[in-house]
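One-letter residues, chain by chain:
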Amino acid sequence: MIPLDYLVLRVIRRHLPDRVVRVLLQRRIVIKPGLETTAPDEAAQRFLDALRAAGERLDGRRVLLFGYGGGFGVGLALLRAGAGHVVLLDPYAIPDNRTPAGDNSPYLSRSGTELRPNPKWLTVVRAPVRQYLADGGQPLDLVFSNSVLEHVDDLAGVVPDLARVTAPDGQHFHFVDMRDHFFKYPFEMLCHSEKVWRRLLNPGSNLNRLRTRDYRRLFSASFARVTIEPLASDLGAFQAARPRIRPEFLTGDDVQDAVTRIFLRASQA
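Here the structure is a predicted model, which is why all the values come from computation and not from measurement.

**Remarks on the packing of helix 4 (residues 40-53) against helix 5 (residues 73-80)**
It is at 8 Å that the axes of helix 4 and helix 5 come closest, and there the two elements cross at 55°. In terms of their interaxial angle, helix 4 and helix 5 are classed as oblique. Helix-helix and strand crossings are classified by hand; for helix 4 and helix 5 the assignment is right-handed. Contacts from P40, D41, A43, A44, F47 and L48 in helix 4 reach G73, V74, A77, L78 and R80 in helix 5. The residue inventory of the contact of helix 4 with helix 5, partitioned by class, reads eight nonpolar, one polar and two charged.

**Thoughts on helix 7 (residues 155-164)**
Burial of helix 7 is extensive: seven of the 10 residues sit out of reach of the surface. Residues of helix 7 that are buried sit in contact with strand 1 (62-66), helix 6 (129-134), strand 6 (140-146), strand 7 (166-177) and helix 9 (212-220).

**Focus on the environment of L140**
Examined against the element boundaries, L140 turns out to sit in strand 6. The contact partners of L140, leaving out residues within four places of it in the chain, are R62, V63, L64, V87, Y132, V165, T166 and A167.

**So, the packing of aromatic side chains**
Counted by the stated rule, this structure contains 11 aromatic pairs. When the centroid spacing of 6.1 Å and the interplanar angle of 45° are considered together, the rings of F47 and F175 count as tilted. Placement of F47 in helix 4 and of F175 in strand 7 is noted, with a sequence separation of 128 residues between them. Residue class for F47 comes out buried when judged on its relative accessible area of 0%. For F175, a relative accessible area of 8% gives the class buried. Here R46 stacks its cationic end above the ring of F175, 4.1 Å away from the centre of that ring.

What counts, and where the lines are drawn
- Residues numbered from 1 in each chain as written.
- Predicted model: local features only at pLDDT ≥ 70, side-chain atom pairs only at ≥ 80, totals over all residues.
- Heavy atoms only, no water.
- Axes fitted to C-alpha atoms, helices over the stretch in contact; angles between N-to-C directions.
- Helix = DSSP H or I, 4+ residues; strand = E, 2+ residues; numbered from the N terminus.
- Parallel < 35°, antiparallel > 145°, perpendicular 65-115°, else oblique.
- Left-handed = near helix turned anticlockwise from the far one by under 90°.
- Contact = heavy atoms within 4.5 Å.
- Nonpolar A, V, L, I, M, F, W, Y, C, P; charged D, E, K, R; others polar.
- Buried < 20%, exposed > 50% of the residue type's maximum accessible area, 1.4 Å probe, protein only.
- Phe/Tyr/Trp six-rings, centres within 6.5 Å; stacked < 30°, edge-to-face > 60°.
- Lys NZ or Arg CZ within 6 Å of the ring centre and 35° of its normal.

The values are spatial; any link to function lies outside them.
Written out as C-alpha cells, the structure is:
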C-alpha cells in the first residue's frame, strides 16, 4: 500500500508549475536545492578529491559540468583550482546571474546589477549535449556530474553523446543518487509500474529509476572502461520495501539491490 504522505506529496510535486518550484527552491521551502547551490566549494571539492584519487590532474584542462543547476559557483571553484575552461551545460536551468563574486574576478564580468560569465573561462550552454556538439563545441577533457544522471529521462540516448563530446584521453566522474528523492522512502519509486510512475508519481524533475546494473550497461556500451563504486546503501529500508518492489528492479542479491548511491568513472583508455 502506498504511504499516504508519499502519495499526497508526490502528486502535488508532479503538478506544481515550474515557476512555483523555482520559488520554493530559492527559499528552500519543502524542496531543497542541491549541493551545487548550497555549498558549491564543497561540491567542487568532491570532484577534486575524485580526480586526485584517480591520479588525474585538473590544471589547464577543459571541463564539462553536466547538469550544473543554474549557479556558477562550482564552475568558479574549479577555475580557481586550475581548470583551463569550464562548460556549464543544463538544458533546463536558468543561469543565476546574482552569483556573488569580487568585481575584479577574471571569470565574471558585471553588467549593471548582473554578473556575466567571461567566455574566455566559462561557457554556459542551455541545450542538450547533442546541440553543443552540433554547434561546434570543443571536446572536453573531464566530465563531472553530481546527482544529475538519475534525473535524465533518455540516458541511453545521452550517454553516446557524452562519449562523443569527450576527448580521446578524457575521463568521466559521476556521482549518482539512486534513492527515491522523497528520502523518507528511498525505495518507494521501485514499487510501482511504469504506467503508474509516469502518469501519477514521477516528479517534475524526473527520476528514471535506473539501478547500478543499468548504469554499468549504458556506459559500457559507449566507453571502453567503466568502474562503479557503491558509496552508500540502506539494507534495512530495502528489506522493508522488498515485498512490494517490482521484479524488474531486483537482481536477487539484496546487498547489491540495497545500494542507494554510486560513483561511476568512465573512459576510453
